[in-house]
Amino acid sequence: MDAPSVIRTKRDRGELTDGQIDWVIDAYTRGEVADEQMSALAMAILLNGMNLREIGRWTDAMIRSGERMDFSALGVPTADKHSTGGVGDKITLPLAPLVAACGAAVPQLSGRGLGHTGGTLDKLESIPGWRALLSNDEMMTVLRDTGAVICAAGDGLAPADKKLYALRDVTGTVEAIPLIASSIMSKKIAEGTGALVLDVKVGSGAFMKNIADARELARTMVGLGTNAGVNTVALLTDMSVPLGLTAGNALEVRESVEVLAGGGPADVVELTLALAREMLDAAGVHGKDPADALRDGSAMDHWRRMIAAQGGNPDAALPVAKEQHQVVAASSGVLTELDAYAVGVCAWRLGAGRARKEDPVQAGAGVEIHAKPGATVTAGQPLLTLHTDTPERFDYAMEALAGGIRIAEPGTAFTPKPIVLDRIA
Ligand code: URA
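Not measured: the values here are computed from a predicted model.

S.K.: Would you mind going over the sheet that holds strand β8 (residues 333-338) with me for this structure?
M.R.: Strand pairs in the sheet, formed through backbone hydrogen bonds, run parallel or antiparallel to each other. Strand order in this open sheet of three strands is β10-β8-β12, and the pairing throughout is antiparallel. The open sheet has two edge strands with one neighbour each: β10 (376-377) and β12 (405-408). Pairing between β8 and β12: four bridges, direction antiparallel. The residue of β12 that forms the bridge with Glu 337 is Arg 406.

S.K.: What exactly am I supposed to notice about the nonpolar core here?
M.R.: Generally speaking, a soluble globular protein has its nonpolar side chains buried in company with each other. Of all hydrophobic cores here, the largest spans 74 residues; its most connected members are Trp 303, Val 367 and Leu 384. With 10 residues, helix α12 (residues 266-283) is the single largest residue contributor to this core. In this structure Trp 303 touches Leu 93, Pro 97, Leu 124, Ile 127, Val 253, Val 257 and Leu 260, once residues within four positions along its chain are discounted. Ranked by size, the runner-up nonpolar core spans 61 residues in total, among them Met 50, Leu 164, Leu 167 and Ala 190.

S.K.: Whenever I open this one, the environment of Asp 35 confuses me. Can you help?
M.R.: Inspection of the secondary structure assignment puts Asp 35 in helix α3 (residues 35-48). Accessibility expressed as a relative area gives 39% for Asp 35, which makes it partly exposed. For Asp 35, the residues in contact, after removing those within four places along its chain, are Tyr 28, Lys 163 and Leu 167.

Thresholds applied
- Residues numbered from 1 in each chain as written.
- Predicted model: local features only at pLDDT ≥ 70, side-chain atom pairs only at ≥ 80, totals over all residues.
- Heavy atoms only, no water.
- Pairing = 2+ DSSP bridges.
- Helix = DSSP H or I, 4+ residues; strand = E, 2+ residues; numbered from the N terminus.
- Core = buried A, V, L, I, M, F, W, Y, C linked by side-chain atoms within 4.5 Å.
- Buried < 20%, exposed > 50% of the residue type's maximum accessible area, 1.4 Å probe, protein only.
- Contact = heavy atoms within 4.5 Å.

What follows is the structure in structure tokens.
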């Protein structure tokens, strides 16, 4: 087998054989296939696609490139959630302890933010002392003791994907549905969860800008999970507006704690409960209603134990940015648009996100939202508060908001989009 012939097959719109796929993934992981050869193949896949058999085999080959985790010794059904990423998407933080409080174990391997979408690990790292890096044994101990663990994926999990994802990031080949689906699902299947709920985001702040692409991605991932014996369901959810009232690391932790305390913004609570119910159903756990676990404090108890088990102090004050700047309404009327992508880029430019994997993030940076679409606003009223430690970023961050905020005539009718747009099982 040789790389040029595999590349030519896909370049000429052919189907890759199982043997070609197994060979190219294994040889790339070992360094025998060069980055430039894999880049050419990834571009050929982006342009010409793969059928379901090819995607399944590609996923399986990436799983076989590393270790598989196994939580069966816990003796408790396991459920995990994966979001394709959005602005203000802090849902994993309240969701993992909430589902644990309802009786399923949640082994949640999460990532860091890149670009305008935030990363769960960056958010949790704003809690003083909290550690994202755990050994497999530590992960099992936290899961056994607290019912939920959120940590970074170890180097041994789907190493082919780690290498390929970094390559796709710099070669314009991220946005290929077969490659996104196989990348996400190889990690989730290798992680060994029994049930998986996918939150596939749709809209300006998401990877998938339209519902047709999101549906195709969701169907592909649900098919891969189901074929691998993981009970998999997908919700398609709106990401045209930021979720909740905050985008930024410590700001989102604060909002998540409000949800766990029985409060928090209605959209965050609604999506957290919808995903929790799906996770519990998929895991076959039917003891407790998640809404009760938010009300009775049991989800909060699990959160506190989970944070403490990873070195964090759940009572410590969260970092606050040194400088704030308010963005006010330019006119009076009805706020009809607060674009998720614009707010995400604004938060990123304030220092909440990173441009390169090795960049640090500011824990306190981000955007606080005072009015969501549908609100009646008056000229001069604060719409957003921008937070950063480096005030020279304010002008550049505000440029990202141009065209992203729209205020219509007073009395203009406004119908909010539902949060959950579709369900695919
Ligand atoms: N997240 C992943 O893990 N992989 C992708 O390809 C895209 C998003």
